[in-house]
Structures are given as structure tokens and as C-alpha cells.
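# An overview of the molecular structure
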Amino acid sequence: MPAKVVVIGSLNMDLVTRASRLPRAGETLIGQTFSTVPGGKGANQAVAAARLGADVAMVGCVGTDAYGSQLRDALLVEGVDCQAVSAVEGSSGVALIVVDDSSQNAIVIVAGSNDQLTPASLKSCDAVLQAADVIICQLEVPMDTVGQALKRGRELGKTVILNPAPASAPLPAEWYHSIDYLIPNESEATALSGVTVDSLDSAKVAATALIKAGAGKVIITLGAQGALFADGKGFEHWVAPKVKAVDTTAAGDTFVGGFAAALAAGKSEAEAIRFGQVAAALSVTRAGAQPSIPTLQDVQGFVPS
Ligand code: RIB
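Below is a summary of the structure that appears in this document. These numbers were taken from a predicted model, which means no experiment stands behind them.

Criteria and thresholds
- Residues numbered from 1 in each chain as written.
- Predicted model: local features only at pLDDT ≥ 70, side-chain atom pairs only at ≥ 80, totals over all residues.
- Heavy atoms only, no water.
- Phe/Tyr/Trp six-rings, centres within 6.5 Å; stacked < 30°, edge-to-face > 60°.
- Helix = DSSP H or I, 4+ residues; strand = E, 2+ residues; numbered from the N terminus.
- Buried < 20%, exposed > 50% of the residue type's maximum accessible area, 1.4 Å probe, protein only.
- Near = heavy atom within 4 Å.
- Polar contact = N/O pair within 3.5 Å; in protein donor to acceptor, adjacent residues only side chain to side chain.
- Areas by Shrake-Rupley, 256 points an atom, 1.4 Å probe, with all protein chains shown as cover.
- Nonpolar A, V, L, I, M, F, W, Y, C, P; charged D, E, K, R; others polar.

### Examining the packing of aromatic side chains
Enumeration over the complete set of coordinates arrives at 2 aromatic pairs. Ring geometry for tyrosine 181 and phenylalanine 259: centres 5.1 Å apart, planes at 75°, overall edge-to-face. Here tyrosine 181, found in strand β10 (residues 181–182), pairs with phenylalanine 259, found in helix α8 (residues 251–264); they are 78 residues apart in sequence, far enough to count as distant. Residue phenylalanine 259 is classed as buried on the basis of its relative accessible area of 0%. Here phenylalanine 255 and phenylalanine 259 contribute two aromatic rings whose centre-to-centre distance is 6.0 Å and whose plane-to-plane angle is 10°, an arrangement assigned as stacked. Here the residue phenylalanine 255 and the residue phenylalanine 259 both occupy positions in helix α8, the gap between them amounting to 4 residues, near one helical turn. In this pair, the class of phenylalanine 255 matches that of phenylalanine 259, namely buried.

Shown next as C-alpha cells:
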């Protein structure tokens, strides 16, 4: 029986347009394609962990609109346990995404039903948390709920991962001691630490500040520059596998899900980081959020160039 990863977080329907470049303020651009793709940071991480070998359960809320059942079905097809995914009256979460020719994106999310994942609803799913080996949270559901999930994960002695995304401000100070692995990207690390992360050296300064705040270990993902691991004793820079990027949407989610799946399977931290990096690199070679996430076989068959 594979180890259990429980993801507490968002499910969004991604409304994705491809355009030659991202629009400027006040500008209308003619796009090339439009598609609706299942996404949401929580759901993407659940799909990644499931495709990459873990037994996964999702805790979240969808709306009673058509997107709600599509988002739930997208997880069920991957074998994700959705008993703790509730349908609540109203609209599901959506993300408006523009991807440009250089594979960069801009995203606006509207929380919809994700806002209904309250601390009280989390309490009613405690059995799911108790069955976890690894618990993953992000920040697309109410902050109170995330805070409670981290605290409960720590009380239960689980491995607790926080991907603080999206982040625009420091985290509540009392959260840090519940976090085993804090996994921000550059802009999130900047928002959390107050240190502008734009180089490996500045990432080291930010990671040191986050460890000082109380996080167990920090992994700052740096896109094509790889990832910086810090544990308070030292740093390790992990170079990113080289790939041709098509769409970076959900690359961070794929890293987090892959890292968690590998840790849950008993791999070392180093193996889990490399595994997450290969999975994330493969995801950027394909379009969309969940459709881009590779399988275990894809990762095992990856040949570095
Ligand atoms: O991390 C990518 C995800 O961010 C997208 O799938 C979108 O839904 C937003 O939540």
C-alpha cells in the first residue's frame, strides 16, 4: 500500500488563453487559443502526487455548477480519494490564465467555492488527516483553514509541507513551527521574508530568514535556475534539468506533489528534490495545468540532455 499524501486546498477551472505576449494595462489583445483545463494549486498537487506514485486524498470544496463536477471527476480519474471534497452552493473557483509565446503566464484567480473550506469543515474531515503520512497545504483557501491544517498536522505528527502560493505578505508567525518543508518560489520567498530574491545569494538570505522564523527546512524553487535547499546547517543548490518550455503553469505544483510523493515513498530528501525537479521539468514541456503533469513512468524514463 503506497503511503498517503493528503492535500488540503483549492480546485479551480482554468480558463486559458494563449497570446503572443501578455496584455498591458488597458490593452486588448487578439489571442490564439482558448481552453478550459482542470487546475487549482491544491488539485494540481494532488494529481501530481497521484500520477507520481502516492495514494492521495483531497480536502476541498467545489461549487454546484458544471465546473464543480468536472473538477471532482478530474481527480477521481487519477484515483484521488474525493470523499472530503464537498460540493457547496454557488460557483467553483476559476483561474483566468494567459500564456505567452515565451511560455510565461499571468493568472487571476476567483476563489468561489474554495472560500467555503472553513476551519469547521476541516474539522469534519479529521479522519482523513489522521490517515495521512504527508500533508500539503497552499494559500488558495482561507488563511484560518490553512493555519488550522498546519497545526493539526503537527499535532498528529505528520510531515507538513506548505507551498505558500500565492503569497503577497508575510505568514502568521505562529505557523512556522508547524511546517517541516516550506516551498516558496522566488516571489513568494520575497513576500514572506522581505528579502528580494533575484539570485542564488539572495535566496540564501531569504531561506535563512525563513528558517530563523521557525520553518524546519526551506526549498526555494527558482524556475530554470533550479532550487535552493536550506536546513539551517547549510545550503544545497539543485540545478534544473534542461528542457524546452512550452507552458510553466503548474510546474511548482508538480514539484511539490512529486517531492511529497517521493518523501511518502520513503525516498531521501535529496532523491525527493531531484524527483520533483524532473517531474516539474517534464510538466513545462506540455500545455495546461493537470494535463501537463507527468506519470511515474515518464519521470523514470527521463533522459537528461
Ligand atoms: O499553480 C497553477 C495554478 O494556479 C493554476 O492551475 C490555477 O488554477 C492557479 O490556481
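### Some thoughts on the site of the ligand
Every residue lining the ligand is accounted for by Asn12, Asp14, Gly39, Gly40, Lys41, Asn44, Ala95, Ile109, Glu140, Ala250, Asp253 and Ala289. A distance of 2.9 Å separates an oxygen atom of the ligand from a polar atom in the backbone of glycine 40. Within the side chain of lysine 41, an N or O atom sits 2.9 Å from an oxygen atom of the ligand. With the chains in place, 96% of the 280 Å² that the ligand exposes on its own is no longer accessible. Elements that contribute at least two residues to the shell around the ligand include exactly β2 (12–18) and α1 (41–51). Counted by class, the shell around the ligand contains 4 nonpolar, 4 polar and 4 charged residues.

Any link to function would need more than the numbers given here.
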